[in-house]
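# Chain and residue survey
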Amino acid sequence: MIITIDGPAGAGKSSVARALARRLGFRFLDTGAMYRAVALAGLRRGLDWDVPQDLARLAERLDLKISHDRVVLDGEDVSEAVRTSAVTAVTRYAADNPQVREHLVDLQRKLAGADNIVTEGRDQGTVAFPEAKCKIFLTASPAERARRRWQDLQAQGEPVTIEQVLAAQERRDREDAARAVGPLRPASDAIEVCTDGLSLTEVVDRLEQLARAKCR
Ligand code: DC
């Protein structure tokens, strides 16, 4: 069974998807980490972002492994490196590139195989796994999402203000919604869950109920 969790940045998808997968004994796939890893590789090689074919070619050559919550790029664990602000700032070059998307969606389907999996991203219910049995669209208010992201960055020791996080978030929301291929939007059969005011456990409880009901 495939459970897709899509939604905007900061809605809590990663923590929720990871916890839900653990509860159900499913595998977990963080597809945002895949776009981040391609961007990190481009950044390290000093690619010209104005030449999308170069990034597409690079993406196809990369040895990208996602195992539970670790991201391994050409044999190196880059799980922390892909989450820095420097990488976040350029990830849109990977996410906006149709050839990179095609390659990564293909890889996501291969990684899922015939397994039970919880997969999270922007286009999991619409493009990658339109046939998934259980689709969730996870949201939260912009202020709540910015507060969560700011807390994460503080924990990583990144000196940013909440206003800067909010401005960057608004930009990413616009980019996510306007993307020509794989834009952020709920699948017609997705169930929308707003996480404002709910604890992680409360959200996971709700999703577990939904998933078990869909399994029946
Ligand atoms: O969820 P995240 O912040 O780690 O995602 C990083 C970027 O990748 C974000 O700008 C949206 C994009 N993304 C995407 O376009 N499609 C996905 N399935 C997952 C992420």
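A short tour of the structure in this document, coming up. These numbers were taken from a predicted model, which means no experiment stands behind them.

### A few points about the site of the ligand
Taken together, the neighbourhood of the ligand is formed by 15 residues, with R36, R101, R122, D123 and R172 sitting nearest. A distance of 3.0 Å is found between an oxygen atom of the ligand and a side-chain nitrogen or oxygen belonging to R179. Protein contact buries 95% of the 450 Å² of open area that the ligand shows by itself. For the shell around the ligand, the elements supplying multiple residues, two or more each, are α2 (31-44), α4 (85-95) and α8 (162-178). Counting residues per element, the shell around the ligand draws most heavily on α2, at 4 residues. In the shell around the ligand, the residues fall into 2 nonpolar, 5 polar and 8 charged.

### Details of the sheet that holds strand β2 (residues 27-30)
Pairing within the open sheet is parallel, and its 5 strands lie in the order β2-β6-β1-β7-β8. The open sheet has two edge strands, β2 and β8 (191-194), and neither has a second partner. Direction aside, neighbouring strands of the sheet carry axes that sit 20° apart on average. The sheet strands contacting helix α9 (residues 200-215) are β1 (2-6), β7 (134-139) and β8, and the helix crosses β7 at an angle near 160°.

Thresholds, definitions, all that
Residues numbered from 1 in each chain as written. Predicted model: local features only at pLDDT ≥ 70, side-chain atom pairs only at ≥ 80, totals over all residues. Heavy atoms only, no water. Near = heavy atom within 4 Å. Polar contact = N/O pair within 3.5 Å; in protein donor to acceptor, adjacent residues only side chain to side chain. Areas by Shrake-Rupley, 256 points an atom, 1.4 Å probe, with all protein chains shown as cover. Helix = DSSP H or I, 4+ residues; strand = E, 2+ residues; numbered from the N terminus. Nonpolar A, V, L, I, M, F, W, Y, C, P; charged D, E, K, R; others polar. Pairing = 2+ DSSP bridges. Axes fitted to C-alpha atoms, helices over the stretch in contact; angles between N-to-C directions. Contact = heavy atoms within 4.5 Å.

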